[in-house]
Structure formats: structure tokens, C-alpha cells
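Tertiary structure, described
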Amino acid sequence: MEKSCSLLVHFDKGTPAIANEIKEALEGNDVLAKIDAMKKAVSLLLNGETLPQLFITIIRYVLPSEDHTIQRLLLLYLEIIDKKDASGKLLPEMILICQNLRNNLQHPNEYIRGVTLRFLCRLHETEIIEPLIPSVLQNLEHRHPFIRRNAIFAVMSIYKLPQGDQLLVDAPEMIEKALSTEHDQSAKRNAFLMLFTCAQERAINYLFSHVDKIPEWGEQLQMVVLELIRKVCRTDKGEKKGKYITIIISLLNATSSAVVYECAGTLVSLSSAPTAIKAAANTYGQLLLSQSDNNVKLIVLDRLQELKSSHREIMVDMVMDVLRALSSPNLDIRRKTLDIILDLITARNVNEIVQMLKKEVVKTQSGELEKNGEYRQMLIQAIHSCAIKFPEVASTVVHLLMDFLGDSNIASAIDVVIFVREIIETNPKLRVSIVTRLLDTFYQIRAARVCAGALWIVGEYCLSLSEVESGIATIKQCLGELPFFSITEEGEVTDTFKKPPQQASSITVSSRRPAVLSDGTYATQNAASETAFAAPTMVQGSLSSGNLRSLLLTGDFFLAAVVACTLTKLVLRWEEVQSSKVEVNKAATHALLIMVSMLQLGQSSVLPHPIDSDSYDRILLCIRLLSNTGDDIRKIWLQSCRQSFVKMLSEKQLRETEELKAKAQVSHAQPDDLIDFYHLKGMSQLELEDEVQDDLKRATGEFINDGNDTNKLNRILQLTGFSDPVYAEAYVTVHHYDIVLDVTVINRTKETLQNLCLELATMGDLKLVERPQNYALAPESSKQIKANIKVSSTETGVIFGNIVYETSNVFERTVVVLNDIHIDIMDYISPAFCSDAAFRTMWAEFEWENKVAVNTTIQDEKEFLDHIMKSTNMKCLTAPSTLDGECGFLAANLYAKSVFGEDALVNISLEKQGDGKLSGYIRIRSKTQGIALSLGDKITLKQKGGGS
């Protein structure tokens, strides 16, 4: 059995000391050499050396030394040497150190006494300790507090030994007496801790007899008091619970932040009374504002997040206090704060919250902090969420946010345009003002993707004659004069509006990695050119040089296709609202001229690469449509696009509603409990509230642990065969970062098994916390052995090992090999949701990809998708409406998150063959190799369906 270690020292194995050199140095008179030799001896002992020849030398030459450093090193040496022989009896030479220890306990120097008392705390040999007890007890009344506090710890350690209650029968009484007369805070804390550990009733009596003085006690003692209350209330939920809660509330006003934090946590764990929860929430709020350390703020925000999930109605009243945490410059703190706030918005406080968020958005314009753009994006997303939940506030924020359409932070500007697009559909009253503002500020937009979103809004929501005219005029202005280029007599190519010397060099060509489209399919070079997936292009927009023109001259032909579609919609709508055919034809002609100029630009040698075929076909379609318009085509362009958008919004809202319902779902228990009339018990208001809340929890089933027995049986794994002399089975419990193996070992022989040991080893990111002990197992008896394993990442791990034992008849050790235990990756993965943009960003960033070919007997695409989702515990991000119909192929994105915060991305692309079988690929991407490989193995095993 391995020894317990109470001392760790770094040891350089490069130059090990020789025992003879150490011995010579110890026998000399040089104090510094002795100190160095003692350090080397201690280091060698800690690294497995025995050095038996040094013991007598140390007794002769080191023991008499008066140097304090040498005496301290001597105690460390005595702490780690073996004091017993192989049979477990005390070595006779150990008696030699007893007299020295007694002298140290009576030494005139306080330091020597103190370190010797501390040494006794780590001594377990009663034969050495017993003669020293009178000297230890004398030190309880020493004048110096350093000695008294160590003496109390020594008494506690002796009392906790197997025969300690016989060595110190009246130890609790002596410590209680010392506690009542003690003035030093550290000594009082140690004394109270001793009573708490060894005589709990005495500690509780002392606590209640000094209730009024608890707020005046020191920080260390108050922390022990809270620990005592937590322990007592967990084991004994009796009538004193209300008194303990009163003590905790009195400590909420303590000067120590650590005590106040612990008080709030203890209060939440013990009571559900609204008064208590409100007090804890207010305490967390004060800590959030008063503490400057960012780590402390993050921890407090985590506690508030937990409170929000269980006591939302109380947290709603604190929402403005939590919002003040946005004053911190740290982005993580701001993100957590906004996450908490968004779940606490009600019709009553939404205006205040939005007003505060608007002020924060305005502050980000100062540009003092380098991450202002990212923070602004978070604020815009938060305001967007508020406006969707409470449409009445949209009018107060939409115009402010539209000022950021030209933001240098492209992600922030994209969020704004998505927000505007959703608000203009859900708030018809704001349509006119939004369209007017958008047309006024369109020239400021600098990013191609934002321009594309804004053009779609212009094409769909410019309905009146004046709006359509303004829309077309704005696009013309931003495109500038036509054509986009001209060839001079010398053969030089020039921009007819403004020569762009930098455009050609600013073209970005993306990597040739396949890109995932929003429907989950892969884009190839035949479908879209590389520029479609290049880094977002951004130009300076102004009235003098059109932003659309600048973007087109960088080679962004996807934007050219969007411009063509927008102009087509506007001309078609002009036909409906304009009575003059001449004006309509004039507008159509100018739109056709713009489209032809864009095609001419795309096919010219001005730009390094030609227009992609997809954009070319789309612009050509718009030209044909304006040349010959039919009613069916008009209906598709003017109505169907908008209807698809409305359908997408309704699906999004439905999904969010279902998620809220799933969160709010509570299991209800049958109301067959006894009825207690608490008002007749003479309780205080706080106790009454606490009891009522507990009753409500019982009524709603929160206290009922409805464990699934069938599921438990599935987790029992047989480790050995029925014919083996030792039968073993394990019950595996997986809880986030910990795996607990509860192994039952049964001796099936008629002999006693000695030194039986369960030896385990792991493969993967699993680590054994401790090595199990040796046991003796009587004939036909059983033993429960627990083993703890730490998990550090999401991947399939394997635990394997042996059971080793000895019998009296056989001198060799017998080994029984155990079956392997495979830790399933599904225990760490849970379904999660992320936006399409976030999915595509992660897909591009993640390095590890595992490509699994589809090999299944399932013949229906949707059935196969459902089977993969169920097998991998993942969520489908692709909207159900896009999966409707029978088209012979299916593409979908799946997403899950692990308990370690790792993201797992899956893309399924299927096609039904002529014989009815499914073919295609499942691609898994993740940031780490383990999760990609493990998930791939899981899918390979499970994808066939049926019994696998």
C-alpha cells in the first residue's frame, strides 16, 4: 500500500547526492553544510530512497543542534521516515526521538515549540505520542498565541487517531474551556474547528450561547461557523433550521467579502424563503459592484445565473443592479451580464433596460477601447432580442441602431441589418420611417454583406410610388455614372467616375477549402466562384464616390446579382403604382442598362477574374424578366420572397416558444402528503416562509428523485466471468468531470484472499485520482470498492485493469484480468443551438475533420437523419420546412456542445440512389481531435440502425 504524503519538494534527479557525502556533512561542524545535507536527505527520502545508515548519524550529530533551521529540517526528516517494520510494529530506535520531542515541547523558544506541535499533527504512532501528551496539554495555556493555536491542532489530531478518545478522554471539555477564555482569533478558530470536528453538539451549544457576538468574531472563525451550519443542516433538518438562517442573515453585514459571499451561498442552499433568497441576491449584487477583481465578478455572475434559473421572480427586481456590471471593460463579464439580463426582461422593466443598453451603445462610439466593436455587437444583439420579445420598444431603438449600418465592425453592422429586416416585418407601423432612414443612410454602408441585406429590404418594403422612386434613385447614386470602365485611345482602362488604383490589389481570394452553404451543402467551383466566400470586403462610402460602385470594382459579383434583383423588384412594383407607361419604361430601360454594364464589367479584363456563372445567370434572368413580364413571374418576385421570410420568422418564433416551454416544464406529484398548519407552530416569519416554499417544492415534485431503475441496471458492467475465483461487476456513474466506479468484488472460493487489490489503468484523457487500497476478503464474502477518475476532455476513454490477490496456499500472486470499461462520449454531449452564421464561422475555423461514408440499411432520408440525431445526441439546425418534400437528396447541419464547452459540428449530405439505397457523407468538425474521432466512431457503429 502506498504511503500518504504530507510534503512535496522539487527534486533535481540530474545530480543525485551520495549517502556518504551527506553523512560526512552531517558529522561536521559547519551549520550551512548540515542544512544543505539535511535538505538532500529529505529530498532523497521523498523520492523513494530509504537511507537507513543516516538515522543514527542524525540522532548523534543533528539532534543536539540549537539551530532553528536544522531543527525544522529534522522534524521534516522524522515525519517522512518509516517508523514501523514490515510487521507493523514500531522500530525500537524511534524511542530515541521521544525525549528530544519532549524537550522541544518545553523549549524556551516559541518557534521550536510551535513547529514541534505542528509536527505532532502529522504523527500517527500512538507509542511515540502517548508520553508527550502532558507536555502538549501544558502548551494549551502558554502565553504566546502561536503556541496555543498549534497546541489545539495537536490535541485535535491526537483525538482523531483510532485510539485517540482513550489517550485524551476529556479533550473536548479542555478545548471548550480554552475557547471560552481565548482572545486570539486564530486560536479561537482552531478551537471551534476542533469542537465542530470531534464534538459537534458542544460546538452548536457554544454557537447558540454566543449568537449576539458572532458578527464581532474574526473572518476565519465566521467561515468555520458557516461550514458548521451547512453540515448540520444537511444531516439534521430539524426545528433549529430557522435559527441557523437567522445567524447567516446577521453575518451578511460582515466586513469580510469572503464571509459575505459564503453567507449568500449557504443561505441559498439551505432556504427557499423569498426573504432569504432576496437577501442573498442583494449580497451578490453588492459584491458585483464592490469587487474590482474580474475573476470574482465572473464567479458572482455564475451564482446570479444559478439564482435566476431557480428564483426568477426575485431576480427580476434586481435587474438594474446587475446591469451596472456593464461598466466593467472586460468582455466576458459584459457577455455574462447580458445573458442574465435577457432572461429577466418583463413588460415592466423592458423600457428601463433598453434605455440603459442604448446609452451603452452610444458610449461605444468613443473608440477609447479596442474591443468596442465587439461589445457594440453584443449590445445590438441584446436590443434585438428585447425588441422581438416586446415589439413596442422597437420604435425607440431601431433608428439609433441604423446609424451603425456603416460600422467598421462588419459583424456588428450585419447584426443591425438583420435586426432591421426582422423589425420592419413584425412592426408594420415602422415600415415607412425605416425605409426612409435606410435610403438616407445607405451611402454610409461599407460592407458588401450589409449592402446585400439593405438592398433586399429596399426591394421588399418600398411599396409607395415615392419610396420606389427614392429606392431606384439611391441605387443609381451609389452606382455612379455608367459604364463602369472605358478604354482610352492609348488602350488604358479607366473608371469613368473615379480611377481606383487600389482596387485590383485589394481583391481577396479565399482558400480552396469547401464552404458550407446555409442549407448545409458544399459549394464547389462549378456553383460559385472563390470570391463568393472571400473575407468580407469593406470600402469607404461617401456621396461623391458610390459605395456600391467601389464594391463592384473589387470583383464582388454576388452583390451585383443582388443589385439586379432589387432593381427588378422595384421596377415591377413601379408598374403597379405608376399609371404612366412612359415613366415605367424609362425606369426599366435604365435598370437594364445597369445590369448590362455589370455583365460587361464581369466579362472584361479590368478585373483579375471574370464574373462567376451563378451571378451571371441571375443577372441574365433579371434582364429577361424585365424584357417580358408575366403575371406568374410577377407574383413570385413580389410576393413569394416575402412569404418565405415570414415563414422563416414564424418557425424561429415557434422554436423559441417550444424551448421556453421545455425549460418551464415541471413534474407534478400527487397531493397525498399530510397538511401542516404552520401558523399554529409559533414560527417566525422567515421560518414560516421557508416551510411554505419547501411544501411547494414537494407539491411540484422537486424533492422527488424519480431515478430510472432500468437505466441504472444498464450501467452495471460485468468485469469477470462467473467461473473466475473472484467475481466483479462495476456500476459506472458519470458526472461531468468525474467518473465514479462502484466495484463489487465477491470471493467465490473457500479461502481468505489476502492483499486483494483492484489495479486500474486508463487510456485517453482519463486520470485515476487515487490508487485503491489492499483488502482481505473472507471466504464467500463481498466488498465494495470505489475508484474516482477525472475526465479532462470529450473523447471515448477506456478503463482496464486486474484484480490481484494472494492466498495462504499459493506463494505467488494470482491475477484476474478484467473486461474493459468503455466510457461513452454521449455522456458528455448535449444538444445545443447556434445561429447559421456562428456555425459557418466555426466550420471554417475548426481544424479537425472526420469524414464518414454513409453505410446504412435505412432507405428514407429523414428517418436516417432522425436516427443519427438520436444516436449522437445532437440538435438539427436546419429548419424543418427546408427538409419537407421528396427530392432524392438531403443536406442538414447538426450541433452539440460538451460539458467542457467544446463544440461539435456535423454536416450530413445524402442522396438516394436508383436502387433506393442512401449514399453520401457525414462530416464532423471540432476544435480538438478527440471529439471528432470519437463522434465518427459512434456514427460508424450506429448509422446502420436496427439493433446496433
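Residues numbered from 1 in each chain as written. Predicted model: local features only at pLDDT ≥ 70, side-chain atom pairs only at ≥ 80, totals over all residues. Heavy atoms only, no water.

The protein is annotated in an unreviewed UniProt entry as Coatomer subunit beta from Linum tenue.

1. Observations concerning the overall build of the protein
Quick note on the threshold: The helix count covers DSSP runs of H or I at least four residues long, the strand count covers runs of E at least two residues long, and both are numbered beginning at the N terminus. Each residue is assigned to one of three classes by its accessible area relative to the maximum for its type, calculated with a 1.4 Å probe on protein chains only: buried under 20%, partly exposed between the two thresholds, exposed over 50%. For the area figures, the Shrake-Rupley method with a 1.4 Å probe applies, and any residue is considered shielded solely by the protein chains shown.
Within the protein, the secondary structure is distributed over 38 helices and 20 strands. Per-residue burial over the protein gives 46% buried out of 948 residues. For the protein, the accessible area works out to roughly 48,500 Å², and carbon and sulfur atoms hold 51% of it.

2. What to know about helix α27 (residues 448–461)
How we decide: The span you would expect from a helix comes to 1.5 Å times its residue count less one.
If you check α27, its first and last C-alpha atoms are 20 Å apart, about what 14 residues at 1.5 Å a residue would give, namely 20 Å. Burial runs high along α27: 12 of the 14 residues are buried. Taken together, the buried positions of α27 are Ala-448, Val-450, Cys-451, Ala-452, Gly-453, Ala-454, Leu-455, Ile-457, Val-458, Gly-459, Glu-460 and Tyr-461.

3. Let's talk about the pairing of strand β6 (residues 726–735)
Selection criterion: When DSSP finds at least two bridges between two strands, those strands are taken to pair.
Pairing of strand β5 (residues 716–718) with β6 involves three bridges; the strand directions are antiparallel. Bridge assignment links Gln-718 to a residue of β6, and that residue is Glu-729.

4. So, the packing of helix α1 (residues 19–27) against helix α3 (residues 54–62)
The cut-off we apply is this: All axes here are fitted lines through C-alpha atoms, helices being fitted over the stretch that makes contact, and every angle between N-to-C directions spans 0 to 180 degrees. Every angle not falling under 35 degrees, over 145, or within 65 to 115 is termed oblique; those three ranges are roughly parallel, roughly antiparallel and roughly perpendicular. For any pair of crossing helices, the crossing counts as left-handed if the nearer helix is rotated counterclockwise from the farther one by less than a right angle, and right-handed if it is rotated clockwise. Contacts are assigned to residue pairs that have any heavy atoms within 4.5 Å of one another.
Contact geometry of α1 with α3 gives a least axis separation of 9 Å together with a crossing angle of 15°. One way to sum up the angle between α1 and α3 is to call them roughly parallel. Once α1 is placed against α3, the crossing between them reads as left-handed. Along the contact surface, α1 presents Ala-19, Ile-22, Lys-23, Leu-26 and Glu-27, while α3 presents Leu-54, Thr-57, Ile-58, Tyr-61 and Val-62.

5. Brief notes about the environment of Arg-312
Worth spelling out the cut-off: Think of a polar contact as two N or O atoms within 3.5 Å of one another; within protein, one of them needs to be a possible hydrogen donor and the other a possible acceptor, and neighboring residues in sequence only count if both atoms come from side chains.
As for its placement among the helices and strands, Arg-312 is situated in helix α19 (residues 312–316). Placed 31 residues apart in sequence, Arg-312 and Asp-343 show a C-alpha to C-alpha distance of 8.6 Å. Reaching out from Arg-312, the side chain makes a polar contact with the backbone oxygen of Ile-345 at a distance of 3.4 Å.

6. Some words on the packing of aromatic side chains
Cut-off, in case you're wondering: We call Phe, Tyr and Trp rings a pair once their centres come within 6.5 Å, taking the six-membered ring for Trp, and we label the pair stacked below 30 degrees between planes, edge-to-face above 60, and tilted otherwise. In our convention, an over-ring charge means Lys NZ or Arg CZ found within 6 Å of a ring centre and within 35 degrees of that ring's normal.
For the structure on display, the rule yields nine aromatic pairs. Ring geometry for Phe-192 against Tyr-206: centres 6.2 Å apart, planes inclined by 50°, an arrangement best described as tilted. Taken together, the residues Phe-192 in helix α12 (residues 185–198) and Tyr-206 in helix α13 (residues 200–209) connect sequence positions 14 residues apart. An aromatic cluster of three or more residues is present, and its members are Phe-192, Tyr-206 and Trp-217. One cation-aromatic arrangement involves Lys-243 over Phe-208; the distance from NZ or CZ to the ring centre is 6.0 Å. Arg-334 extends its terminal NZ or CZ atom over the ring of Tyr-375, reaching a point 3.7 Å from the ring centre.

7. Regarding the pattern of salt bridges
Worth spelling out the cut-off: What counts as a salt bridge is simple: a side-chain nitrogen of Lys or Arg found within 4 Å of a carboxyl oxygen of Asp or Glu.
Tallying each qualifying case throughout the model produces 27 salt bridges. A salt bridge links Lys-569 to Glu-460; the nearest nitrogen and oxygen atoms lie 2.6 Å apart. Note that Lys-569 is positioned in helix α30 (residues 557–577) and Glu-460 in helix α27, a separation of 109 residues in sequence. One exposure class covers both Lys-569 and Glu-460, and it is buried. When the shortest N-O distance is used, the salt bridge between Lys-912 and Glu-861 registers 4.0 Å. Taken together, the residues Lys-912 in strand β19 (residues 903–912) and Glu-861 in helix α37 (residues 861–872) connect sequence positions 51 residues apart. Assessed through its relative accessible area of 32%, Lys-912 is described here as partly exposed. Residue classification places Glu-861 among the buried positions, given a relative accessible area of 5%.

8. Structural notes on helix α17 (residues 274–290)
Taking 1.5 Å per residue, 17 residues should reach 24 Å; α17 reaches 24 Å between its end C-alpha atoms and fits that length. Taken as a whole, α17 has its buried residues at Ala-276, Ile-277, Ala-279, Ala-280, Ala-281, Thr-283, Tyr-284, Gly-285, Leu-287 and Leu-288.

9. Some words on the confidence of the model for the protein
As a reminder, the rule being used: pLDDT runs from 0 to 100 and stands for how confident the predictor is about each residue.
Here the protein averages 80 in pLDDT, while 84% of its residues score no lower than 70. Every residue in residues 672–682 scores below 50 in pLDDT, and together they form seven contacts with partners more than four places removed in sequence or on other chains. Counting contacts from residues 701–708, a segment whose pLDDT is below 50, to residues more than four positions away or on other chains yields seven contacts.

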